[in-house]
Amino acid sequence: MKKFDVVIVGAGFSGLYLLHRLRNEGFSVRLVEAQSGLGGVWQANRYPGARVDSHVPNYEYSLEACWRDWNWTERFPGHQELVAYFDHVASVLDLKAEIDLSTRVEACRFSAEGRWQIRLNNADVYDAGFLVMCTGFGSKPYVPDLPGLDTFSGICHHTALWPEDGVDFAGRRVGIIGTGASGVQVIQEVAPIAEHLVVFQRTPVTALPMQQRKLDESEQAAAKKNYPELFVLRNSPPGNFCDIFRRDVGAYDVAEAERLNVFETAWEKGGFNYWVGTFNDILMNEASNRAAYDFWRDKTRARIDDLATAEMLAPMEPPYPFGTKRPSLEQNYYECFNQPNVQLVDIRSTPIETIIPTGLKTVKAQFDLDVLVLATGFDANTGGLTAIDIRGSKDRPLSEVWSNGVDTHLGMAVPGFPNLLMLYGPQSATAFCNGPTCAEFQGEWTTRLLKWMRAEGHAVFDSSDKMAEAWTERLDRLSESTLFGRTDSWYMGANIPGKRRQLLNYPDADAYRDQLRMCEAERYSGFEFR
Ligand code: N01
């Protein structure tokens, strides 16, 4: 059995950063990754059009070694370029020798000796002092239980389980179920080439203009002079992004002309500016939220030719508070529905009855399809963790402990699972924190915790039920004081039938970071050491 100080699971932003930092601090570390390459979700999500929704230089590490010689070709890079970036990172930080690719963690047990035994699918067992799960929030695809799905005789794939050799849509009849971030991206790629595309929409997405453009090396060379400052800004309130800052006033604290001007400016900047870069109460105050919705609705409807289609895609009345489901970014999403070969079907009013060998039947009509794309999302936040048989000191599987809902200490640790940490996990700022920002912050926090334990002579930590329940209560209160609790979204665990409805993402990355800092300043309050 190979022994390590730390085993990390997952080679995305969090896993690679932590490997780099812990190894530099003298810990022996092994990183295990199920995919055949680096980059986490960007390996699995190789569907056409997959690209990141955070603009350059937000979605990359702040380490100069990683950005000095790296240039992006687009403001919002595609998945192939992202995968190449992760390879570049692993090369410049010299990480590859410590990573097992194509290796799946099957079971993790906490032993009486106070260490983790990690069984891999190749029959190896690793023995580690600490186990850090960096499996991301979207590693478990959700395939809905649609009657007859297994009878479909055409090509059918979930967007996050996309075949490496791709799918040819040209001249085919294609159906796409789901209009979240993944659906919006595939639809824009398929619409121009399919003979006929039917989009099955249950809830409209509030997609925002990406304002994509090409980047060249000279522009980036000039911008890099400011990167050190920009990356400091990314980690300071209002943190997350280097260059998206909301005004610290409410939408109705300013006159109408100014409000509209702020909305328009954010709209023109593109990306997430319109979601998080306008006023401080958009996601809390109903009236402000409605103002943001109405502005989005009017801009969007103006792009859609047919009135009935416009009402389905951008209804006059908001289907949910703006921004409480993740707004996707788009380039020509709404124009796709003006094409004669693209049809939109509202499956809330006319639900899917069954999938048949030749297509799909709703309660109202039958659609003949050659290809069916399931852009139906993920068992987000928890699914990637509960899929692994992880048992703590009481030998209870994590999936059982969380079967009635999640309690964690600070979104980092689970009572009864000593020496287990989660990065970008449930109940941390995950969905509301730019990935690399969170990877670096939580990675630094974890590195300092393990160094402190080493210096203090502690071998084992655990957290208490009382503190974890208090953390859940804090999130429940945040769910009530914001507008998030009103919407069925994966932020709330509400996209998975039977999953307990609770806010699974701390909706303020700055406040979340303050909580972690406070815990550390109090010599890791809420943790017990031995
Ligand atoms: O998944 P989603 P996603 N019958 O859960 C529908 C990140 N991401 O893969 O809204 C019919 O958002 C569901 O309908 P409804 C990003 O954080 C990032 O698109 O539940 N429809 C919805 O329309 C994102 O938020 C990027 O009513 C069903 C869709 O499927 C997160 O991953 C790219 C259904 C699922 O949308 C998840 O995005 C991709 C059913 N039974 C993903 N079940 C970028 O950065 C579900 N739906 C670009």
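Residues numbered from 1 in each chain as written. Predicted model: local features only at pLDDT ≥ 70, side-chain atom pairs only at ≥ 80, totals over all residues. Heavy atoms only, no water.

### Comments concerning the overall build of the chain
Reasoning step 1: In terms of helices and strands, the chain carries 17 helices and 20 strands.
Reasoning step 2: Relative to the compact-globule value of 24 Å for 530 residues, the chain shows a C-alpha radius of gyration of 23 Å, a close match.
Reasoning step 3: For the chain, the spread of C-alpha atoms along the principal axes amounts to about 70 × 60 × 50 Å.
Reasoning step 4: Carbon and sulfur atoms make up 49% of the accessible area of the chain, which totals about 21100 Å².
Reasoning step 5: Within the chain, the 70 negative side-chain charges are centred at a point lying 3 Å from the centre of the 54 positive side-chain charges. (Helix = DSSP H or I, 4+ residues; strand = E, 2+ residues; numbered from the N terminus. Rg over C-alpha atoms; globule rule 2.2 N^0.38 Å. Areas by Shrake-Rupley, 256 points an atom, 1.4 Å probe, with all protein chains shown as cover. Lys, Arg positive; Asp, Glu negative; His and termini not counted. Charge placed at Lys NZ, Arg CZ, Asp CG, Glu CD.)

### Let's talk about the sheet that holds strand β14 (residues 359-362)
Two orientations exist for strands paired in a sheet by backbone hydrogen bonds: parallel and antiparallel.
Reasoning step 1: Here three strands make up an open sheet; going across it, the order is β13-β14-β15 and the pairing antiparallel. Where the open sheet ends on each side, the last strands, each with one partner, are β13 (352-356) and β15 (366-368). In this sheet, adjacent strand axes meet at a mean angle of 15° when their direction is disregarded.
Reasoning step 2: As defined by bridge partners, β14 adjoins β15 across three bridges and the pair is classed as antiparallel. Residue Gly359 lies in a different strand from β15, and its bridge partner there is Asp368. (Pairing = 2+ DSSP bridges. Axes fitted to C-alpha atoms, helices over the stretch in contact; angles between N-to-C directions.)

### Some remarks on the site of the ligand
Reasoning step 1: Around the ligand, the surrounding shell holds 25 residues, and the nearest of these are Arg51, Ser182, Arg202, Thr203 and Lys325.
Reasoning step 2: Backbone polar atom of Asp53 to an oxygen atom of the ligand: 3.2 Å apart, as the coordinates give it.
Reasoning step 3: Backbone polar atom of Ala375 to an oxygen atom of the ligand: 3.2 Å apart, as the coordinates give it.
Reasoning step 4: In the complex, the protein chains occlude 88% of the 910 Å² of accessible area that the ligand would expose alone.
Reasoning step 5: Residue contributions to the shell around the ligand peak at three residues, all from helix α5 (residues 181-190).
Reasoning step 6: In terms of residue class, the shell around the ligand is made up of 11 nonpolar, eight polar and six charged. (Near = heavy atom within 4 Å. Polar contact = N/O pair within 3.5 Å; in protein donor to acceptor, adjacent residues only side chain to side chain. Nonpolar A, V, L, I, M, F, W, Y, C, P; charged D, E, K, R; others polar.)

### A word on the packing of aromatic side chains
The geometry of an aromatic ring pair is captured by the separation of the ring centres together with the interplanar angle, meaning the angle of the planes.
Reasoning step 1: Inspection of the entire model under this criterion finds 47 aromatic pairs.
Reasoning step 2: Plain terms: the ring middles of Phe263 and Phe295 are 5.4 Å apart, the flat faces sit at 50° to each other, and that makes the pair tilted. Taken together, the residues Phe263 in helix α8 (residues 256-269) and Phe295 in helix α10 (residues 286-301) connect sequence positions 32 residues apart.
Reasoning step 3: Taking relative accessible area as the criterion, Phe263 reaches 1% and is therefore assigned buried.
Reasoning step 4: Chaining the aromatic ring pairs together yields one cluster made of Phe13, Tyr17, Trp42, Tyr59, Tyr61, Trp70, Trp72, Tyr85 and Phe86. (Phe/Tyr/Trp six-rings, centres within 6.5 Å; stacked < 30°, edge-to-face > 60°. Buried < 20%, exposed > 50% of the residue type's maximum accessible area, 1.4 Å probe, protein only.)

### Thoughts on the nonpolar core
Reasoning step 1: With 124 residues, the main nonpolar core has Leu197 and Tyr274 as its most contacted residues.
Reasoning step 2: If one sorts the elements of this core by residue count, helix α15 (residues 435-456) sits on top with eight residues.
Reasoning step 3: Setting aside residues up to four positions removed in sequence, Leu197 forms contacts with Val174, Ile176, Ile187, Val190, Ala191, Asn341, Val342 and Gln343.
Reasoning step 4: In terms of nonpolar packing, the next biggest core, distinct from the first, is built from 26 residues, Val7, Val406, Leu420 and Leu504 among them. (Core = buried A, V, L, I, M, F, W, Y, C linked by side-chain atoms within 4.5 Å. Contact = heavy atoms within 4.5 Å.)

### Some points on the packing of α15 against helix α17 (residues 509-521)
Reasoning step 1: Running from N to C, α15 and α17 cross one another at 5°; their axes reach a closest spacing of 11 Å. Our classification of the angle between α15 and α17 gives roughly parallel. Here α15 contributes Thr437, Phe441, Gln442, Trp445 and Arg448 to the contact with α17, which in turn contributes Tyr512, Arg513, Leu516, Arg517, Cys519 and Glu520.
Reasoning step 2: Partitioned by chemical class, the residues of the contact of α15 with α17 number five nonpolar, two polar and four charged. (Parallel < 35°, antiparallel > 145°, perpendicular 65-115°, else oblique.)

### Concerning the side chain of Asn58
Reasoning step 1: On the secondary structure map, Asn58 appears in the loop between α2 (41-44) and α3 (64-67).
Reasoning step 2: Polar side-chain contacts of Asn58 include one of 3.2 Å to the side chain of Asp243.

### Comments concerning the sheet that holds strand β8 (residues 173-177)
Reasoning step 1: The strand order β7-β16-β8-β9-β12 describes an open sheet built from five strands, whose pairing is parallel. For this open sheet the edge positions go to β7 (155-158) and β12 (342-346), each flanked by a neighbour on one side alone. Each neighbouring strand pair of the sheet contributes to a mean axis angle of 15°, computed without reference to strand direction.
Reasoning step 2: Here strand β9 (residues 196-201) pairs with β12 via five bridges, running parallel. Pairing of Leu197 across the sheet is with Val342, part of β12.
Reasoning step 3: Contacts from α5 reach β8, β9 and β16 (371-374) within the one sheet, and its direction differs from that of β8 by about 165°.

### Observations concerning the pattern of salt bridges
Reasoning step 1: All chains considered together, the criterion is met by 35 salt bridges.
Reasoning step 2: Linking Arg30 and Asp100 is a salt bridge whose minimum nitrogen-to-oxygen distance equals 2.7 Å. Here Arg30, found in strand β2 (residues 29-32), pairs with Asp100, found in strand β3 (residues 99-100); they are 70 residues apart in sequence, far enough to count as distant. Assigned by exposure class, Arg30 and Asp100 land together as buried.
Reasoning step 3: The shortest N-O distance in the salt bridge between Asp488 and Arg501 comes to 2.6 Å. Pair noted here: Asp488 is in the loop between α16 (465-481) and α17 and Arg501 is in the loop between α16 and α17, with a separation of 13 residues, a long-range link.
Reasoning step 4: A relative accessible area of 48% places Asp488 in the partly exposed class.
Reasoning step 5: The partly exposed category is assigned to Arg501, whose relative accessible area is 38%.
Reasoning step 6: Residues participating in the shared-partner salt-bridge network are Arg290, Asp294, Arg297, Asp298 and Glu317. (Salt bridge = Lys/Arg side-chain N within 4 Å of Asp/Glu carboxyl O.)

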